[in-house]
Amino acid sequence: MTLEDVRKDIDKIDDQLLVLLNQRMNLVHKVGEIKRSTKAIIYRPEREKQILDRMNAQNDGPLNKEAIEAIYLEIFAAARNIELPERVAYLGPEGSFTHQAAESRFGAMSEYMTLPTIKSVFEAVDTGRAKFGVIPIENNQEGIVYETVDLLNEMNVNIAAELKIPVHFALATEAENPSKIKRIYSKDIAFRQCRGFLNKYFEQTHPEEIQVESTSKAAKLAAEDPESAAICSEIAAKLFALPVLFNNIEDNSQNRTRFFILAKNFVNAKSENDKTTIIARLPDTDKPGVLANFLQDFKKSGINLTKIESRPYKGDEDFNFWFFIELEGFYQDENVEKVFKKYKNAIKWLGSYVRNT
Ligand SMILES: O=C(O)C(=O)C[C@]1(C(=O)O)C=C[C@@H](O)C=C1
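First, a word on scope: everything that follows refers to the structure included in this document.

Rules of the game
Residues numbered from 1 in each chain as written. Predicted model: local features only at pLDDT ≥ 70, side-chain atom pairs only at ≥ 80, totals over all residues. Heavy atoms only, no water. Pairing = 2+ DSSP bridges. Helix = DSSP H or I, 4+ residues; strand = E, 2+ residues; numbered from the N terminus. Axes fitted to C-alpha atoms, helices over the stretch in contact; angles between N-to-C directions. Near = heavy atom within 4 Å. Polar contact = N/O pair within 3.5 Å; in protein donor to acceptor, adjacent residues only side chain to side chain. Areas by Shrake-Rupley, 256 points an atom, 1.4 Å probe, with all protein chains shown as cover. Nonpolar A, V, L, I, M, F, W, Y, C, P; charged D, E, K, R; others polar. Salt bridge = Lys/Arg side-chain N within 4 Å of Asp/Glu carboxyl O. Buried < 20%, exposed > 50% of the residue type's maximum accessible area, 1.4 Å probe, protein only. Contact = heavy atoms within 4.5 Å. Patch = residues over 30% accessible without salt bridge, like charges linked within 9 Å, V, L, I, M, F, W, Y side chains within 5 Å. Left-handed = near helix turned anticlockwise from the far one by under 90°.

What about the sheet that holds strand 6 (residues 170-173)?
Pairing within the open sheet is mixed, and its 5 strands lie in the order 8-7-9-6-10. Unpaired on one side and paired on the other, strand 8 (208-211) and strand 10 (244-246) mark the two borders of the sheet. Taking the axes of each pair of neighbouring strands and ignoring which way they run, one obtains an average angle of 30 degrees across the sheet. Strand direction decides the pairing type here: strand 6 and strand 9 (residues 228-232), joined by 4 bridges, are antiparallel. Each residue of the ladder has a partner; that of Leu171, found in strand 9, is Ile231.

What follows is the structure, given as structure tokens:
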């Protein structure tokens, strides 16, 4: 078979794929009409997960799980846009890891709002300027983002979904090789996380390290200065058409960030593998046993708590704390409901959503 022949066969398959994709989108359009008449929610992460699991179970390659997911997430995003175009706000700047996270879930067709602070993303969702908001909640190396936790306590928005993405840094530059690089731009945390790489490749030349407020700003500056490089995300390098010289230069390749997708008045349907996030404002936490008894009630009901963080009441003179808590299960599960009922005045439910591994 010649290259021409194979390409002809590929064209035939693409023709069929397009017909099938459009048939799928016609059905999605019908789903949209049904949902509009019943005022049902468009974004159904648990249904998307169910489809992905079904596809992966019957897949026998050569596409791997990640490739299937990437293709299908783009199909779902296009489908949601056909049902109803939804605006997505995310913590910028463009090219940030949050941008990457937002695109991985909402695809290329969605309308995005790039906002400068976590608070402004919450406000955009709260006021309806955006249907969804994407913000970081924690990094597995650096810990929790307290600003996000505090805003979840203060504002009234729900968690519609979580997603975790690997944090990979690239060295992007117009320079041909590391010896020509005189300056490196990046964020303090990125310099810290790539120290091993920097020591190895720049042991002789010691370029100046210039700290800027974001890795996308670093990419922008490096794109204007051929004697420099940026440590940035791949998406930022792409945005400023900056060639990537080295990929995955972080010392710890396990580095992952978890994001929440926020929405107003959002309730998921139960899936097979749910998590729930709540805030607990227990009275009298300075008295012995209050917190212990509360935690015991979860244990007695067989509920696994996966996270607990304590936060101070702002403006409070005493040392009282409220708690950010995550647990396994769905808010309507009998055992979860029972504990929630007992503490109904102390618990603020933020969301139950399908677990993203
Ligand atoms: O099944 C639905 O509820 C749909 O809206 C369809 C669909 C899909 O493309 O399969 C699209 C969006 C939802 O998030 C889940 C699934």
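There is more to say, and it comes next.
Section: the site of the ligand
Taken together, the neighbourhood of the ligand is formed by 14 residues, with Arg24, Lys35, Arg44, Glu48 and Glu83 sitting nearest. One nitrogen or oxygen atom from the main chain of Arg44 is found 2.9 Å from an oxygen atom belonging to the ligand. Within the side chain of Glu83, an N or O atom sits 2.5 Å from an oxygen atom of the ligand. When isolated, the ligand has an accessible area of 360 Å², and the protein chains bury 90% of it. Contributing elements (two or more residues each) for the shell around the ligand: helix 1 (3-38), helix 2 (45-58) and helix 3 (65-83). Looking at the shell around the ligand residue by residue, the classes come out as 7 nonpolar, no polar and 7 charged.

Comments concerning unusual backbone geometry
Peptide bonds are, in most cases, trans, and in most cases residues other than glycine have a negative phi. Between Gly61 and the following residue, Pro62, the backbone shows a cis peptide bond with an omega angle of 5 degrees. For Pro62, the position within the fold is in the loop between helix 2 and helix 3. Cis rather than trans, the peptide bond between Gly92 and Pro93 has omega equal to 5 degrees. Counting through the fold element by element, Pro93 comes out in the loop between strand 1 (87-91) and helix 4 (97-106). A positive phi angle is found at Asn265, which is not glycine, with a value near 45 degrees. Following the sequence through the fold, Asn265 ends up in the loop between strand 11 (256-263) and strand 12 (274-280).

Notes on the environment of Gly196
Looking at where Gly196 falls in the secondary structure, it is placed in helix 8 (residues 195-201). Between the alpha carbons of Gly196 and Arg36 there is a distance of 54 Å; along the sequence they are 160 residues apart.

Description of the pattern of salt bridges
Side chains bearing opposite charge may pair, as long as their charged atoms lie close to each other. Following the criterion strictly, the structure yields 30 salt bridges and no others. Two residues, Glu86 and Arg80, come together in a salt bridge whose shortest N-O distance is 4.0 Å. Judged by relative accessible area, which is 5%, Glu86 ranks as buried. Between Glu162 and Lys275 there is a salt bridge, with the nearest N and O atoms lying 3.3 Å from each other. Within this pair, whereas Glu162 is found in strand 5 (residues 158-166), its partner Lys275 is found in strand 12, the two being separated by 113 residues in sequence. Considered together, Glu162 and Lys275 belong to a single accessibility category, that of buried residues. Via salt bridges that share partners, Glu138, Glu162, Arg258, Lys275, Lys307 and Glu326 belong to a single interconnected network.

Comments concerning the side chain of Thr277
For Thr277, the location among the structural elements is in strand 12. The exposure class assigned to Thr277 is buried, which follows from its relative accessible area of 0%. Reaching out from Thr277, the side chain makes a polar contact with the side chain of Tyr353 at a distance of 2.6 Å. With residues near it in sequence (within four places) discarded, Thr277 still touches Ile159, Phe260, Phe324, Ile325, Glu326, Trp349, Leu350, Gly351 and Tyr353.

A word on helix 4
Of all the 10 residues making up helix 4, 7 are buried; the element is thus mostly covered by neighbouring parts of the structure. Buried within helix 4 we find Phe97, Thr98, His99, Ala101, Ala102, Arg105 and Phe106. Of the residues one or two after helix 4, Gly107 is the one with positive phi, at around 75 degrees.

A closer look at the pairing of strand 2 (residues 111-115)
Looking at chain direction, strand 1 and strand 2 are connected through 5 bridges and run parallel. Across the sheet, the residue bridging to Arg87 is Glu111, located in strand 2.

Side note on a nonpolar patch on the surface
On the surface, Met1, Val6 and Ile10 cluster together to form a nonpolar patch covering roughly 320 Å² of accessible area. Relative to the helices and strands, Val6 resides in helix 1. Accessibility expressed as a relative area gives 36% for Val6, which makes it partly exposed.

Digging into the packing of helix 2 against helix 3
Between helix 2 and helix 3, the least distance of the axes is 10 Å, while the angle of their chain directions is 145 degrees. For the pair helix 2 and helix 3, the crossing hand works out as right-handed. Along the contact surface, helix 2 presents Glu48, Ile51, Leu52, Met55 and Asn56, while helix 3 presents Lys65, Ile68, Glu69, Tyr72, Leu73, Phe76 and Arg80. Of the residues belonging to the contact of helix 2 with helix 3, the class tally is 7 nonpolar, 1 polar and 4 charged.

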